[in-house]
Amino acid sequence: MSAENIEKSPKTGDSSAQGLLIALAGFACLSIGDGVIKSLAGEWPGTAVAALRYSFGALGLLVMLLAVEGRKGLRFPMAKAQLGRGISVAFATLAFFSAIFLMPLADATAIQFTSPMITALLSALILSERMPRAAWIATVVAFGGVLLVLRPSVGALGWAAILPIIAAIGISLMMVFNRMVATAGSALLMQLLISAIAAPILIVAVVLGHFSGWEPLRVPPPDWTIIARCALVAVTASFSHWLIYLATTKASAAITAPMVYIQLLIAVLIGIFFYRDYPDLLAMMGAAIIIAAGLWLWRRQARRVA
């Protein structure tokens, strides 16, 4: 090792360590927000919670964009892909919020970790990208893990148990559309557009649900605690995404990506301490299989890039 490399290594190591810790905090905050959402189960329907969360998010991001970039920052590039992003995240949010209302937070979170494998599959179908053999193997293995996680829920919930899978597909579609618009504007503009598109879609879902006659979707007037919790989730989500972005400025995305799995640990702890949802052994085995498949795929992709 040269003297130049010796001098640079500590700085590089410190930066990577900082990036890992920041990413850890960002992903942990996401699960904390999910825990807050679960506290609303039975008080307000998931459709209304999702609509208010994204409305708060869109408003806050609009103020931030105007403060940072001014009115010239307001643009709508690649309209079709942007609409795809907003629609995808709206349906993913509806499915995930409904899922954590009905099943343990840890189970719904674990199934979300299939999204990297689903994204690889959708990229092959939509973007005509070659899906490597490793992605096929990881997808099949992860699906086996999903079956273990869903085993206790299918009998109790019926078809509602597949809601986390629908959410994972929605997130994967969003990731594909994100790749299409990757260079179309600033990160702040991209966050604003996806929230601004998702919010009215979710509001329509609220109205349709309220007048459908189905009692679980009826929207009663919220008290201040419901509004405060929705606002808190909007803030924690935006703060989380900012931390995750900041982490990638300290360390490469390849290094910080595995920190996403802290979400499952936080979800398990929140479930135990706040909702008395004790982990099912087979469900945790399924979660471990999903995580192992994701880490194996990440490692194979990291080697290809290197």
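As a reminder, the structure under discussion sits directly above these lines.
Residues numbered from 1 in each chain as written. Predicted model: local features only at pLDDT ≥ 70, side-chain atom pairs only at ≥ 80, totals over all residues. Heavy atoms only, no water.

(A) Just the layout of surface pockets, in detail. By volume, the second largest pocket is sized at about 580 Å³. Lining the second largest pocket are 22 residues; nearest its centre among them are Gly 46, Ser 98, Trp 214, Pro 216 and Leu 217. For the lining of the second largest pocket, the element with the highest residue contribution is helix α3 (residues 79-102), accounting for six residues. Among the residues making up the lining of the second largest pocket, the classes are represented as 15 nonpolar, four polar and three charged. (1 Å grid on protein atoms, 1.4 Å probe; cavity = no way out; pocket = protein on both sides within 12 Å on 5 of 7 lines; lining within 4 Å. Points joined across faces, edges and corners; volume = space filled by probe spheres on them. Helix = DSSP H or I, 4+ residues; strand = E, 2+ residues; numbered from the N terminus. Nonpolar A, V, L, I, M, F, W, Y, C, P; charged D, E, K, R; others polar.)

(B) Examining the packing of helix α2 (residues 46-69) against helix α9 (residues 224-250) more closely. Look at α2 against α9: their axes get within 8 Å of each other, and the N-to-C directions meet at 55°. Taken together, the axes of α2 and α9 lie oblique to each other. Crossing handedness for the pair α2 and α9: right-handed. Touching Val 49, Leu 52, Arg 53, Phe 56 and Gly 57 of α2 are Ile 227, Cys 230, Ala 231, Val 233, Ala 234 and Ala 237, all from α9. Looking at side-chain class alone, the contact of α2 with α9 contains nine nonpolar, one polar and one charged residues. (Axes fitted to C-alpha atoms, helices over the stretch in contact; angles between N-to-C directions. Parallel < 35°, antiparallel > 145°, perpendicular 65-115°, else oblique. Left-handed = near helix turned anticlockwise from the far one by under 90°. Contact = heavy atoms within 4.5 Å.)

(C) Quick peek at the side chain of Thr 114. Looking at the secondary structure, you find Thr 114 in the loop between α4 (105-112) and α5 (115-126). The residues touching Thr 114, leaving out its near neighbours within four places in the chain, are Ala 142, Val 146, Ala 168 and Ile 290.

(D) The arrangement of the packing of aromatic side chains in detail. Going through the model one piece at a time under the given rule, you end up with zero aromatic pairs. A cation over a ring is seen here: Lys 38 above Tyr 275, with NZ or CZ 5.7 Å from the ring centre. Here Arg 53 stacks its cationic end above the ring of Tyr 54, 4.1 Å away from the centre of that ring. (Phe/Tyr/Trp six-rings, centres within 6.5 Å; stacked < 30°, edge-to-face > 60°. Lys NZ or Arg CZ within 6 Å of the ring centre and 35° of its normal.)

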